[in-house]
Amino acid sequence: MRFLLDDQQRDFAASLHAMLTAAGTPSVIRDWSRGDPAGGRALWSRVAQAGVFALAVPEEYEGLGPRPVEVAVAFVELGRHAVPGPLVETVAAAALLARTPHAKRFLPGIAAGETMATLAYDGVRALDGDAAALHLSLCAEGLRLAPGAGPVRTGLDPARRFTALLPGGELLTPAPASPLLWARLATAAQALGVGLTLLERTVAHVGRRTQFGVPIGSFQAVKHRLADAKIALEFARPLVLGAALTMTPADVAAAKVSACEAAYTTARTALHLHGALGYTAEHDLSLWLTKAQSLRHSWGTPQACRTTVLDTL
């Protein structure tokens, strides 16, 4: 099946791409990694003004949605530019809160970009709890409004800063819906965008780098590696868009594992073809390499997503 975006969706993606290109995200990402969120907050406001978070908020709460296809389109562009912050968590939080009596209390702020939210789920630490204003914890008792966050810990991707949420807080609802559908869809789209940028940058690199007097991109072995990455990403794209249309657990899990594995494959190819340069943290490529690896296990490992798919057969 072939999925095509309509003119409005293509224009939306193009406007986001232009805005994020002009924003110079590599410097924003590095500042965010060092604990300086000023540039990231400014970029967050611009993303919100473009309507990205409003797409996950129902219209009755000052949003534009829920519109999962447009969310997927937006998150591909956010992944292309490796925008930092709890983007997926904010979308997942909006989906959770929309089904609670507290929707009117929180969702207008999320839609407008005034409220940056993070979410701890299934014992996993919350992303960017130090920067977020809204801390949600999904535990056995239900969905709680945590009173704050603990110290920051960084992982493989320095732009992903994790914190444990403080215990206690207001119980918003005892039996919330699962956040996995929206979180996995947004993660899949984000990973697809990361993979597309890695491929684009690697193609440009092998066209410039020469060996034996010719660009290494002319070598058949290099072409094969790039072709494999391109095929994996193009195979993942319709799965992401199809999952956004159906929003079934199996389709979203299939999209998530396909997009994340494609991005991971492309990251390995990019690292190999850049050589020693690919290992350099100062090189901008590293900002996408580490994100491709971290997204692979975010909101469900490849094995967990495959299990979800197989359980429906």
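None of the values given here were measured: they were computed from a predicted structure.

A short note on the packing of helix 4 (residues 68-80) against helix 5 (residues 87-97)
Right, on to step 1. Interhelical geometry of helix 4 versus helix 5 gives an angle of 165° and a closest axis separation of 12 Å. Judged by the angle between their axes, helix 4 and helix 5 are roughly antiparallel. Judged by the sense of rotation from one axis to the other, the crossing of helix 4 with helix 5 is right-handed. Contacts from Val 71, Phe 75 and Leu 78 in helix 4 reach Leu 87, Val 88 and Val 91 in helix 5.

Let's talk about the pairing of strand 5 (residues 149-154)
Right, on to step 1. Of all 6 residues that make up strand 5, 0 are buried, and the element is exposed over most of its length.
Right, on to step 2. Pairing between strand 5 and strand 6 (residues 161-165): 4 bridges, direction antiparallel. Residue Thr 154 lies in a different strand from strand 6, and its bridge partner there is Arg 161.
Right, on to step 3. Between strand 5 and the antiparallel strand that follows it, strand 6, lie 6 residues.

Comments concerning the sheet that holds strand 1 (residues 117-121)
Right, on to step 1. Judged by pairing direction, the sheet is mixed, and its 4 strands sit side by side in the order 1-3-4-7 without closing on themselves. Every other strand in the sheet has two partners, leaving strand 1 and strand 7 (170-173) as the edge strands with one partner each. Neighbour-to-neighbour, the strand axes of the sheet open up by a mean angle of 30°, direction not taken into account.
Right, on to step 2. Taken together, the 4 bridges between strand 3 (residues 134-139) and strand 4 (residues 142-145) define a ladder with antiparallel strand orientation. When the sheet's bridge partners are listed, Cys 139 is paired in strand 4 with Gly 142.

Section: the packing of aromatic side chains
Right, on to step 1. Applying the stated rule across the entire model yields 2 aromatic pairs.
Right, on to step 2. A ring pair is formed by Trp 44 and Phe 53, whose centres lie 4.5 Å apart and whose planes are at 25°; its orientation type is stacked. Comparing Trp 44 with Phe 53, the two get one shared label, buried.
Right, on to step 3. Centroid distance Tyr 121 to Trp 299: 5.8 Å. Interplanar angle 25°. Geometry classified as stacked. Here Trp 299 lies in the loop between helix 10 (285-296) and helix 11 (302-310) and Tyr 121 lies in strand 1, a separation of 178 residues in the sequence.
Right, on to step 4. Judged by relative accessible area, which is 22%, Tyr 121 ranks as partly exposed.
Right, on to step 5. The ring of Trp 288 carries the charged tip of Arg 201 above its face, separated from the ring centre by 4.5 Å.

Re the pairing of strand 4
Right, on to step 1. Following strand 3, the chain reverses through 2 residues before pairing antiparallel with strand 4.
Right, on to step 2. Bridging between strand 4 and strand 7 involves 3 bridges; their strand directions are antiparallel. Residue Leu 145 lies in a different strand from strand 7, and its bridge partner there is Glu 170.

What to know about the side chain of Thr 100
Right, on to step 1. Topologically, Thr 100 is positioned in the loop between helix 5 and helix 6 (103-112).
Right, on to step 2. Accessibility expressed as a relative area gives 8% for Thr 100, which makes it buried.
Right, on to step 3. Engagement of the side chain of Thr 100 in a polar contact is seen with the backbone oxygen of Leu 97, the distance being 2.9 Å.
Right, on to step 4. Every residue in contact with Thr 100, bar those within four places of it in the chain, is listed here: Leu 143 and Thr 173.

Digging into the environment of Met 19
Right, on to step 1. As for its position among the elements, Met 19 is in helix 1 (residues 7-23).
Right, on to step 2. If we ignore the near neighbours within four places in the chain, the residues touching Met 19 are Leu 43, Arg 46 and Val 47.

Details of empty space enclosed by the protein
Right, on to step 1. This model, assessed by the stated rule, comprises 1 cavity of 30 Å³ or more.
Right, on to step 2. Size it by volume and the largest cavity reaches roughly 80 Å³.
Right, on to step 3. For the largest cavity, the lining is made up of 13 residues, of which Gly 85, Leu 127, Arg 160, Gln 190 and Lys 291 are closest to its centre.
Right, on to step 4. In terms of residue count, helix 5 provides more of the lining of the largest cavity than any other element does, 3 residues in total.
Right, on to step 5. Its residues assigned to classes, the lining of the largest cavity shows 8 nonpolar, 2 polar and 3 charged.

Side note on the sheet that holds strand 5
Right, on to step 1. In space, the 3 strands of this open sheet follow the order 2-6-5, with antiparallel pairing throughout. Looking at the sheet topology across the chains shown, the edges are occupied by strand 2 (126-127) and strand 5.
Right, on to step 2. Note that strand 2 and strand 6 share 2 bridges and pair antiparallel. Among the inter-strand pairings, Ala 126 is bridged to a residue of strand 6, identified as Thr 163.

Rules behind the numbers
Residues numbered from 1 in each chain as written. Predicted model: local features only at pLDDT ≥ 70, side-chain atom pairs only at ≥ 80, totals over all residues. Heavy atoms only, no water. Axes fitted to C-alpha atoms, helices over the stretch in contact; angles between N-to-C directions. Helix = DSSP H or I, 4+ residues; strand = E, 2+ residues; numbered from the N terminus. Parallel < 35°, antiparallel > 145°, perpendicular 65-115°, else oblique. Left-handed = near helix turned anticlockwise from the far one by under 90°. Contact = heavy atoms within 4.5 Å. Buried < 20%, exposed > 50% of the residue type's maximum accessible area, 1.4 Å probe, protein only. Pairing = 2+ DSSP bridges. Phe/Tyr/Trp six-rings, centres within 6.5 Å; stacked < 30°, edge-to-face > 60°. Lys NZ or Arg CZ within 6 Å of the ring centre and 35° of its normal. Polar contact = N/O pair within 3.5 Å; in protein donor to acceptor, adjacent residues only side chain to side chain. 1 Å grid on protein atoms, 1.4 Å probe; cavity = no way out; pocket = protein on both sides within 12 Å on 5 of 7 lines; lining within 4 Å. Points joined across faces, edges and corners; volume = space filled by probe spheres on them. Nonpolar A, V, L, I, M, F, W, Y, C, P; charged D, E, K, R; others polar.

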